[in-house]
Amino acid sequence: MATFFGEVVRAPCRTGTEEEEEEDEGKMETPEDREVWRQLARKREVQLLRRQTKTTLEVSLLEKYPCSKFIIAVGNNAVAFLSSFVMNSGAWEEVGCAKLWNEWCRTTDTVHLSPTEAFCVFYNLKSNPSVLLCQCSCYIAEDQQYQWLDKVFGSCPKKNMQITILTCRHITDYRTSESTSSLHSPFLKALKTQNFKEPPCCSLLEQPNIVHDLPAAVLSYCQVWKIPAVLYLCYTDVMKLDLVTVEAFKPVLASKSLKALVKNIPQSTEMLKKLVKTNEVQSNIYT
C-alpha cells in the first residue's frame, strides 16, 4: 500500500479464524464487564405477577389457569378492540400481568399504571374460567419472547385449546406486486397453524409476507406444539389508536372463538368511540 508520501508499507491484515476472534473478545472482557451483562440479563427477565397480592406466579400461567380458548391482543388497536367488543360483554377477572424492561418498555411499577403506560395483563372470564384473554400493549423484545412463552405456556403445553392472536402492522410492511397506494387500508389478513381446521374470517396472508415480534413467536410455538392457532393481522396506515383500524377487526367477531363472547355490538361500538376519545384527551395530558 502506498502512503501519501510514496513509501510502500505493509497493510495490516484483519483476516483470522473465528476461534482467534473469540479468543480476542474473551481477553478483552473483564470481570466488571461480565457483571454488567449479568445485571442487564437480570433486569431483562420476564416475570408474571399477581398485581393484587404483588406475588410472582410459581408455575406457568396456563398450568395455573388451564384454558380452552386463549385470545391474545398485541398493540393498542387490537387491545382496544378486545376491550370494547369482548371485555365489555362480560365480567372478567385479572389473573396476572407481565413485568418486563427493555429499550421500548420501561414500565417498572405494574401496580399503578398511568393511562399512557404500556402493559401486558391476563384475564379469565368469570362465567367460564376456561376462556383466557391477554391484552399486551408493550413491546416484547426478541430475547424476551422465549421467556414470555415459557412463563405463559410452560414447557409442555396442552393441545386441547385454541389460540386467537390479533395485531397490526403498517401497510408499508405488506408485500405485493401492486402499489401500496392502491390498497384500501386498513385490511385484514390471516395466518394459521396446520392444526387450525376452521375457515378463517378473512383471506390468508400471501407469500412472501412474514409476521413479526411476539405474534410470530406465539404462532411458531403453536405450530411446533401442534396447537390450533390463528393470527389476524390488520394492515393499516395509522399505528396509533384509531377508530377505523380497530373496526377493521370486526369480521373476527364471527369466529367460533369470539362469537359466544360478544353480546351487544352497537353498544360496544359506542364504547369504542368513547375509548378512542378518552385516549386522545389523556394523550394530550401526558405529552
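Because the structure is a prediction, the values reported are computed rather than measured.

Student: Please explain the overall build of the protein as it appears in this structure.
Tutor: Across its full length, the protein carries nine helices and nine strands. The buried share among the 287 residues of the protein stands at 42%. Summarising the internal contacts of the protein: among those between residues at least 6 apart in sequence, 78% fall at separations of at least 24.

Student: Explain the pattern of salt bridges here, please?
Tutor: Once their charged atoms are close, side chains differing in charge can pair, the charge on each being opposite to the other. A full pass over the atoms with the stated rule returns four salt bridges. A salt bridge links K250 to E247, with the shortest nitrogen-to-oxygen separation between them at 3.9 Å. Each of R169, D173 and D213 takes part in one network of salt bridges that share partners.

Student: Just to check I follow, could you spell out the pairing of strand β1 (residues 47–50) for this structure?
Tutor: It is a general feature of regular strands that their side chains alternate between the two faces of the sheet. One ladder, built from three bridges, connects β1 with strand β4 (residues 92–99); its direction is antiparallel. Bridging from a neighbouring strand, L49 pairs with C97 of β4. Note that β1 and strand β2 (residues 55–56) share two bridges and pair antiparallel. Note that in β2 the partner of L49 across the bridge is T56. Where β1 folds back onto β2 in an antiparallel hairpin, the turn is made up of four residues, including K54, whose phi is positive at roughly 60 degrees.

Student: Mind showing me how you'd approach the side chain of Q135 here?
Tutor: For Q135, the position within the fold is in strand β6 (residues 128–136). According to the relative accessible area criterion, Q135 is buried, its value standing at 4%. Of the polar contacts made by the side chain of Q135, one reaches the backbone oxygen of V79; its length is 3.2 Å. Ignoring sequence-local partners within four residues, the contact set of Q135 consists of A73, V79, L82, S83, M87, F119, C120, V121 and Y123.

Student: Help me out: how do you make sense of unusual backbone geometry in this one?
Tutor: The phi torsion of most residues other than glycine is negative, and most of the peptide bonds are trans. At the junction of S185 and P186, the peptide bond is cis and its omega measures out at 0 degrees in the coordinates. Tracing the sequence through the fold places P186 in the loop between β7 (162–170) and β8 (187–192). Residues other than glycine seldom take positive phi values, yet D213 does so here, at roughly 60 degrees. One non-glycine residue, K226, lies in positive phi territory at about 60 degrees.

Student: Got a minute to help me understand the packing of aromatic side chains in this structure?
Tutor: Within a pair of aromatic rings, the relevant descriptors are the distance that separates the centres and the angle that separates the planes. Following the criterion strictly, the structure yields nine aromatic pairs and no others. Ring geometry for F187 and Y235: centres 5.5 Å apart, planes at 25 degrees, overall stacked. Linking F187 in strand β8 with Y235 in strand β9 (residues 229–236), this pair joins segments that are 48 residues apart in sequence. Across the pair, exposure class does not vary: F187 and Y235 are buried alike.

Student: How should the environment of Q47 be read in this particular structure?
Tutor: One can find Q47 in strand β1. Expressed as a C-alpha distance, the spacing of Q47 and L57, which sit ten residues apart in the sequence, is 8.0 Å. What Q47 contacts, discounting residues up to four positions off in sequence, is C97, A98 and K99.

Procedures and definitions
Residues numbered from 1 in each chain as written. Predicted model: local features only at pLDDT ≥ 70, side-chain atom pairs only at ≥ 80, totals over all residues. Heavy atoms only, no water. Helix = DSSP H or I, 4+ residues; strand = E, 2+ residues; numbered from the N terminus. Buried < 20%, exposed > 50% of the residue type's maximum accessible area, 1.4 Å probe, protein only. Contact = heavy atoms within 4.5 Å. Salt bridge = Lys/Arg side-chain N within 4 Å of Asp/Glu carboxyl O. Pairing = 2+ DSSP bridges. Polar contact = N/O pair within 3.5 Å; in protein donor to acceptor, adjacent residues only side chain to side chain. Phe/Tyr/Trp six-rings, centres within 6.5 Å; stacked < 30°, edge-to-face > 60°.

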